[in-house]
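Each chain, letter by letter, is given below.
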Amino acid sequence: MSSVVREAVRNFCIIAHIDHGKSTLADRFLEVTGTVPAQKMSEQYLDRMELERERGITIKAQAVRMFWRAGDGVEYMLNLIDTPGHVDFSYEVSRSLNACEGAILLVDAAQGVEAQTVGNAYLAMEAGLQIIPVVNKIDLPAAEPEKAEAELCELLGCAPGEVLRVSAKTGQGVEELLEAAVRRIPPPRGDEDAPLQALIFDSTYDLYRGVVVFVRLVHGRIRRGMRASMMATGAVSEVEEVGIFSPDMVPVEELLAGQVGYIITGIKNVSLTKVGDTVTDAKSPAVEPLPGYREPKPMVFAGIFPVDADDYNDLREALERLKLNDASLSFEPETSKALGFGFRCGFLGLLHLEIVQERLEREYGLDLISTAPNVVYEVELTNGETVAVRNPSEMPDASRIREIREPYIQATILVPSAHVGAVMELAQERRGVFVDMHYRVGDRVEMRYRIPLAEMVLDFYDQLKSRTRGYASMDYEPIGFLPGRLVKLDILLHGEVVDAFSAIVERDRAYAYGREMTKRLRELIPRQLFDVPVQAAVGSRVIARETIKAKRKDVLAKCYGGDVTRKRKLLEKQKAGKRRMKMIGRVEVPQEAFVAALRLGREGREGKGG
Amino acid sequence: MRLYIHIPFCIRKCPYCDFVSFPSDRDKMDAYLRALTLEMRLVHRREGGGRLESVYLGGGTPSLYHPRELGQLLEEAASLWGLEEGAEVSVEVNPATWGKGEFREARWLGFNRMSVGVQSFSRRALEVLGRAHGPWESLEAVRSALSLDGVSVGLDLIYGIPGQGVGEWAETLQSALQLRPHHLSLYLLTPEPGTPLAEEVARGFLSLPGEEEVVAMYEVACRMAADHGYRHYEVSNFALPGHACRHNLAYWRREGYLGLGVAAHSFIPPRRRWSNPTDLGVYLSYLEREKLPPQRDELLTPEEAREEEAMLALRTAEGLRRSFLGEEEGGRRTLGWLEQLREEGLVWLGEDAFGLTERGMFVSNAVLSAFLSG
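What comes next concerns the included structure. (Residues numbered from 1 in each chain as written. Chains lettered and ligands numbered in written order. Predicted model: local features only at pLDDT ≥ 70, side-chain atom pairs only at ≥ 80, totals over all residues. Heavy atoms only, no water.)

### Description of helix H1 (residues 26-47) of chain B
Residues and elements named next belong to chain B. With 22 residues, H1 extends 31 Å from end C-alpha to end C-alpha; this agrees with the ideal 32 Å at 1.5 Å per step. Every buried residue of H1 is accounted for by Met29, Ala31, Tyr32, Leu33, Ala35, Leu36, Thr37, Leu38, Glu39, Met40, Leu42 and Val43. For H1, the elements touching its buried residues are strand E1 (2-7), strand E2 (9-10), helix H2 (67-81), strand E11 (258-260) and helix H10 (280-288). You can read the cap of H1 off the contacts: a side-chain oxygen lies 2.9 Å from the backbone nitrogen of Asp27, and it is on Asp25. (Helix = DSSP H or I, 4+ residues; strand = E, 2+ residues; numbered from the N terminus. Expected span 1.5 Å × (residues − 1). Buried < 20%, exposed > 50% of the residue type's maximum accessible area, 1.4 Å probe, protein only. Contact = heavy atoms within 4.5 Å. Polar contact = N/O pair within 3.5 Å; in protein donor to acceptor, adjacent residues only side chain to side chain.)

Structure, rendered in structure tokens:
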């Protein structure tokens, strides 16, 4: 296989909006190229793998190798590379794209071009990929291929003749598409005899085999037995296996410059094989790594706590296992007066947080509470010292603070000109600072804003999507810390600070947030045997107050001989309910109230903060 | 020993009642009386027990039977166990059933405590409650009972009735207190799941007074009863000195009793409880074959027995023994918690016992469930 000359290699990905037929097309490729025989072809082969990957039982097929004898009689090696699809993972997307020379831009003939397609198409163009526009689902009765074609031409600035039409479902046009891929996408450049430089575009942890690293070789070659070194992390290990996906894992002798595949080394921890890093030969290393590596940095933090304190160890084990597979996840133990023992976890973004929490709950059967997510703050103290605050409850006393700085990002937003106003409005609401604006291909406008990451973390992306009817796409990068008018807001229950509810908010919004939170807690916390004041305070200044009035009636009127058992069982039920209660000072708060308040807290700051 | 005899027949089913009861069919009632007599013998043979300190005929509506018929039951019990000197012998009476003569006969046959189910002196309230009697019949019945020597007379009243305000309730109370009965049971109407009342409330056809209103009714009742010299000796019970219901106190003190009849419960301290079937047909058919009906047995764990003790004792003004708390860490913590509740005016703490104040009694569920979960 490695006898294939570099000129006969094509590395490409498929860019498509969800449901536009990416998986079906990939399946058709597998079938048409004979990679998977038609009789073994189950529906959506690659998708099935993805589901299994989610359950952690099979290694994901990030890059499938196929062979295809094209019309010119040459047998080509086609490497189809998968890409993630959310802004939280835009860095990962860009690494995947960097492993390709071409991209198939797939659009549903009935739906036309959609925002996600646009965003990723721009990323692909910026990565210098050859783009092949394709209209899919032309067999559908509602198909309007001409319209979709026109949209594609406008988006890419291409001629209508360049757009292909296929039905991934029936297979119509698929061979022509492969022909076009072979003809239009350039072969990879690179020098097999130069020192090894291989881009890590993903890695995963397999229970039985350890870390599997997905690589695109730019220069040199990699073979079993050699010692490989990761240039950014410095990890060195023997290469135990070199292979490709076909689509199952198949070991090969070696991978050459321009090819895509996997390597397995003695490394047992994905945090040593980071996406974007460069693999080189430890014996004769490359002079420098490939450009563009970025240390995966958690941007968003949240406390995650087991609802049942007995699950603490299970939660720790589950996090450790997830971490094996997810280098960007970080966690450290945290103790909360309100929520007990748990972990403060760092994530790339909200989606990442949600994915991790969902996997913990679904795959590990844990019942969890997470605190409102927050960013890291840089706090300069009056004594000149600077501390990083990852948890609002760790914020030093206001009297010791000279300045609180918060992380900012620079967001690049692409949007049709009709929606420029909506984006400006949103950016302004979210404390965005305008940088500049350019007109791009077609009717698109590129706008750049500096926005506090905290705003981004909440729901900026979702709001952007909804206010531009899905047409805007966005990428962002951190640009450092800037001072903000920020205060720490505490919520007090019967005079005790509830650490889980402490938040760092913009000074002007503290009042609204405090009022909202106290009101909601009054509604959520069941009445106690005494009046319970609920207060929001900035430092020692109370800015909002509600009172949960004491319960005055809770009685069984009758209890005579026959009722004793029944009444005792009633009482036992009430008692069992108390196990899910947390004591905040003297106040009993049901777990559900925390969950609901934290959920509302998130919404409150999003929707009503301004 | 103590005896409870359940009479499951009613003139009609009250819409708020979830006790086991059946329409008053004369043949069934005759068969039931025979069955009870037989059950009494069989239970006595099996359980034995000392002379009876109290007998309580409850229901349902025991007064659907003629006093003579109830007298036969009492006589049978006395011949099996023997009656303690001064034993308390209670019967529940519906005002729509017995006249003066029946009350007198009941006294003569040995009933010395009569509890009259007045429920309200408001015609409107009685209609909502679906009662078969009016205020006037209640007055007559209570007066008849009160005219008898050596009889302790109790009134049952209900508050928190749909449409009832504090004013109407105070009037009913006033009427009751003017009669000067020995005992008052004041029950907060609670829509039990599955009853027509609960359904009407759920569907919005009836609405119960709100919490503030109900709390005000409770407070008015406590105050008026106290002003008239009644002691508030249990969550819902008030009595002139010396007239607390000894039979019921025995329940709350976890003393033993045998229950006879459909759905009747029995308890032999410290841990044995059992109950009869709730189906009248099943009950009768076993006894027709001279067999005890199949009972549901329950053996309490020591922990459950402890919970019961607290749950029952804390309903009463006597309260729970201090030694219940224990000396170790948990007990000290609970004591600290009780002291906080004392500051809130919900709990009293004595040398040997502690308990709930009147305000505390009205939130006893909340106090108890917190107390028992430590």
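### Re the sheet that holds strand E14 (residues 296-299) of chain B
Residue and element names in this part refer to chain B. If you trace the three strands from one edge of the open sheet to the other, you get E12-E13-E14, paired in antiparallel fashion. The sheet is open, and its two edges are formed by strand E12 (265-268) and E14, each paired on a single side. Strand-to-strand, the axes of this sheet are offset by a mean angle of 15 degrees, without reference to chain direction. Sheet topology places strand E13 (residues 272-275) next to E14; four bridges connect them, and they run antiparallel. By the bridge assignment for E14, Trp274 is matched with Asp297. (Pairing = 2+ DSSP bridges. Axes fitted to C-alpha atoms, helices over the stretch in contact; angles between N-to-C directions.)

### Observations concerning empty space enclosed by the protein
Residue and element names in this part refer to chain A. Evaluation of the coordinates by the stated rule reveals seven cavities of 30 Å³ or more. Estimated volume of the second largest cavity: approximately 120 Å³. Around the second largest cavity sit 17 residues that line it, and Arg344, Asn391, Pro392, Ala500 and Ser502 are the ones nearest its centre. Looking at the lining of the second largest cavity, the elements that each hand over two or more residues are strand E17 (330-336) and strand E28 (503-506). By residue number, the principal contributor to the lining of the second largest cavity is E17, which donates three residues. Its residues assigned to classes, the lining of the second largest cavity shows six nonpolar, seven polar and four charged. (1 Å grid on protein atoms, 1.4 Å probe; cavity = no way out; pocket = protein on both sides within 12 Å on 5 of 7 lines; lining within 4 Å. Points joined across faces, edges and corners; volume = space filled by probe spheres on them. Nonpolar A, V, L, I, M, F, W, Y, C, P; charged D, E, K, R; others polar.)

### Observations concerning the interface of chain A and chain B
Interface extent is often summarised as the accessible area lost during association of the parts. Each partner contributes to the interface: chain A provides 29 residues, whereas chain B provides 43 residues. Carbon and sulfur atoms supply 56% of the area that chain A and chain B bury against each other, a total of about 3500 Å² over both sides. For the interface between chain A and chain B, the tally reads eight salt bridges. One salt bridge in this structure joins Asp18 of chain B and Arg566 of chain A, with 3.2 Å as the shortest N-O distance. On the surface where chain A and chain B come into contact, there are 20 residue pairs in polar contact (both at pLDDT 80 or more). Of all the elements, helix H12 (residues 564-579) of chain A adds the most residues to the side of chain A that touches chain B, at eleven residues. Its residues assigned to classes, the side of chain A that touches chain B shows ten nonpolar, four polar and 15 charged. (Buried area = accessible area lost by both parts, 1.4 Å probe. Salt bridge = Lys/Arg side-chain N within 4 Å of Asp/Glu carboxyl O.)

### Notes on the sheet that holds strand E15 (residues 320-321) of chain B
Residue and element names in this part refer to chain B. The three strands lie next to each other as E15-E17-E16, forming an open sheet whose pairing is antiparallel. The sheet is open, and its two edges are formed by E15 and strand E16 (347-349), each paired on a single side. As judged from the two bridges shared by E15 and strand E17 (residues 353-356), these two strands associate in the antiparallel manner. Looking across to E17, one finds that Arg321 is bridged to Ala353. Helix H12 (residues 329-343) contacts E16 and E17 of the sheet and is inclined by roughly 120 degrees relative to E16.

### Concerning H12 of chain B
All names here are of chain B. Between its terminal C-alpha atoms H12 stretches 22 Å, which fits the 21 Å expected from 15 residues at 1.5 Å a residue. Taken together, the buried residues of H12 touch E16, E17 and helix H14 (364-372). Gly345 occupies a position one or two residues after H12 and carries a positive phi of about 80 degrees.

### What to know about the nonpolar core
One finds Ile5, Tyr32 and Phe371 of chain B to be the most contacted residues of the largest nonpolar core, which totals 153 residues. In terms of residues, this core owes the most to one element, H1 of chain B, which gives ten residues. Both domain 1 (2-250) and domain 2 (303-374) of chain B contribute no fewer than three residues apiece to this core. Residues in contact with Phe371 of chain B, not counting those within four places in the same chain, are Ala310, Leu314, Leu320, Phe324, Leu325, Thr334, Trp337, Leu338 and Phe354 of chain B. Grouped together as the second largest cluster of nonpolar side chains are 51 residues, Phe343, Val389, Ile404 and Ala427 of chain A included. (Core = buried A, V, L, I, M, F, W, Y, C linked by side-chain atoms within 4.5 Å. Domains from an automatic or database assignment.)

### Some remarks on the side chain of Glu588 of chain A
Mapped onto the elements, Glu588 of chain A comes out in strand E32 (residues 587-590). Setting aside its immediate chain neighbours within four residues, Glu588 of chain A contacts Ile525, Gln528, Lys578, Met581, Lys582 and Met583 of chain A together with Ala370 of chain B.

### Details of the pairing of strand E7 (residues 152-159) of chain B
Residue and element names in this part refer to chain B. Among the eight residues that make up E7, eight are buried, leaving the element largely enclosed by the rest of the structure. Every second residue of E7 is oriented toward a common face, with Ser152, Gly154, Asp156 and Ile158 on one face and Val153, Leu155, Leu157 and Tyr159 on the other, all of them buried. Sheet topology note: the strand E6 (residues 113-119)/E7 ladder contains five bridges and is parallel. Considered in E7, the bridge of Arg113 is made with Ser152. By the bridge criterion, six bridges tie E7 to strand E8 (residues 183-188) in an arrangement that is parallel.

Any link to function would need more than the numbers given here.
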